[in-house]
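What follows is each chain in one-letter form.
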Amino acid sequence: GIQVEQSPPDLILQEGANSTLRCNFSDSVNNLQWFHQNPWGQLINLFYIPSGTKQNGRLSATTVATERYSLLYISSSQTTDSGVYFCAVYGNNRLAFGKGNQVVVIP
Amino acid sequence: ETGVTQSPTHLIKTRGQQVTLRCSSQSGHNTVSWYQQALGQGPQFIFQYYREEENGRGNFPPRFSGLQFPNYSSELNVNALELDDSALYLCASSSSTSGYEQYFGPGTRLTVT
């Protein structure tokens, strides 16, 4: 199956700092999604981004499908950005998830 | 637009018992997928249902089974529960017309004792 690797696994940020999360995947895919998992476990959709660049407020994402990677940018981080970020790629009728990026933003 | 809902929220079962989890898909979506998330891990694909038929299955034993109903809602059944089945079970709905972008429900947290 498709392998998804996320880096860094853990990240501690000072409030106001910027950060980049990376997702590498092993095969061509139909689509790619970024999620934020809240403390209660729900996966919140951040981006559906099979290719190109999208922005939503302080978050933006870029996927380079030909090179099999995606980046999630967090600018001017806030404590509410804390949590686990997952990259997931869709192929063969399923999402394959990475292990996540655990982000802690300290005030 | 109604989002994905799941029931129950929490459940405690004893090893060897059977459990049924339920999911209602987002309006306009015809495909439902189930995922298992163990503590500290990413979600793992269990299976997908489309037009009431299983449309893909992950590496889970046959005691994990499912159903999809004509209104696109779905059930996940697990027989002969084991301690390792303790996890968060997530349901996602999607549609072929929107590129299979997955929308997740709040999950059911299952504890097996």
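Use the structure listed above.
Below you will find a few notes about this structure. (Residues numbered from 1 in each chain as written. Chains lettered and ligands numbered in written order. Predicted model: local features only at pLDDT ≥ 70, side-chain atom pairs only at ≥ 80, totals over all residues. Heavy atoms only, no water.)

**Focus on the overall build of chain A**
Here's step 1: Each helix and strand counted, chain A has zero helices and 11 strands in total.
Here's step 2: For chain A, the α and β elements follow one another from N to C terminus as β-β-β-β-β-β-β-β-β-β-β.
Here's step 3: Rg of the C-alpha trace for chain A: 13 Å, near the compact-globule value of 13 Å for 107 residues, within the 12% margin.
Here's step 4: If one aligns the C-alpha atoms of chain A with their principal axes, the spans along those axes are about 40 × 25 × 20 Å.
Here's step 5: A separation threshold of at least 6 residues defines the contact pool for chain A, and within that pool the share at least 24 residues apart is 53%.
Here's step 6: For chain A, the accessible area works out to roughly 5,200 Å², and carbon and sulfur atoms hold 48% of it. (Helix = DSSP H or I, 4+ residues; strand = E, 2+ residues; numbered from the N terminus. Rg over C-alpha atoms; globule rule 2.2 N^0.38 Å. Contact = heavy atoms within 4.5 Å. Areas by Shrake-Rupley, 256 points an atom, 1.4 Å probe, with all protein chains shown as cover.)

**Description of the side chain of Asn101 of chain A**
All names here are of chain A.
Here's step 1: Assignment of secondary structure puts Asn101 in strand S11 (residues 101–106).
Here's step 2: Within the structure, Asn101 has its side chain in polar contact with the backbone oxygen of Pro8 (distance 2.7 Å).
Here's step 3: For Asn101, the contacting residues outside a window of four places in its chain are Gln6, Ser7, Pro8, Pro9, Leu21, Trp34, Gly83, Val84 and Tyr85. (Polar contact = N/O pair within 3.5 Å; in protein donor to acceptor, adjacent residues only side chain to side chain.)

**A word on the sheet that holds strand S8 (residues 69–74) of chain A**
All names here are of chain A.
Here's step 1: The five strands lie next to each other as S1-S3-S8-S7-S6, forming an open sheet whose pairing is antiparallel. The open sheet terminates on both sides in strands that have one partner only, identified here as strand S1 (4–7) and strand S6 (52–56). Taken pair by pair, the neighbouring strands of this sheet meet at an average axis angle of 15°, ignoring direction.
Here's step 2: Both strand S3 (residues 19–25) and S8 contribute to a ladder of six bridges, which runs antiparallel. Opposite Ser19, over in S8, you have Ile74 as the bridge partner. (Pairing = 2+ DSSP bridges. Axes fitted to C-alpha atoms, helices over the stretch in contact; angles between N-to-C directions.)

**Points about the nonpolar core**
Looking at soluble globular proteins, one finds that nonpolar side chains tend to be buried together.
Here's step 1: Within the largest apolar cluster, 20 residues are counted, with the highest numbers of intra-cluster contacts made by Leu32, Trp34, Phe47 and Leu72 of chain A.
Here's step 2: Of all the secondary structure elements, the ones that give two or more residues to this core are S3, strand S4 (31–37), strand S5 (43–48), strand S7 (59–64), S8, strand S9 (83–91) and S11 of chain A.
Here's step 3: If near-sequence neighbours (up to four positions away) are discounted, Leu72 of chain A is found in contact with Ser19, Thr20, Leu21, Trp34, Leu46, Phe47, Ser60, Ala61 and Tyr85 of chain A.
Here's step 4: Residues Val4, Leu21, Phe64 and Val112 of chain B belong to the second largest nonpolar core, which totals 19 residues. (Core = buried A, V, L, I, M, F, W, Y, C linked by side-chain atoms within 4.5 Å. Buried < 20%, exposed > 50% of the residue type's maximum accessible area, 1.4 Å probe, protein only.)

**Quick word on the interface of chain A and chain B**
Here's step 1: Taken together, the 18 residues of chain A in the interface contact 23 residues of chain B.
Here's step 2: Connecting chain A to chain B are zero salt bridges.
Here's step 3: At the level of secondary structure, the elements contributing two or more residues to the side of chain A that touches chain B comprise S4, S5, S9 and strand S10 (94–97) of chain A.
Here's step 4: When the residues that make up the side of chain A that touches chain B are grouped by side-chain class, the tally is eight nonpolar, eight polar and two charged. (Salt bridge = Lys/Arg side-chain N within 4 Å of Asp/Glu carboxyl O. Nonpolar A, V, L, I, M, F, W, Y, C, P; charged D, E, K, R; others polar.)

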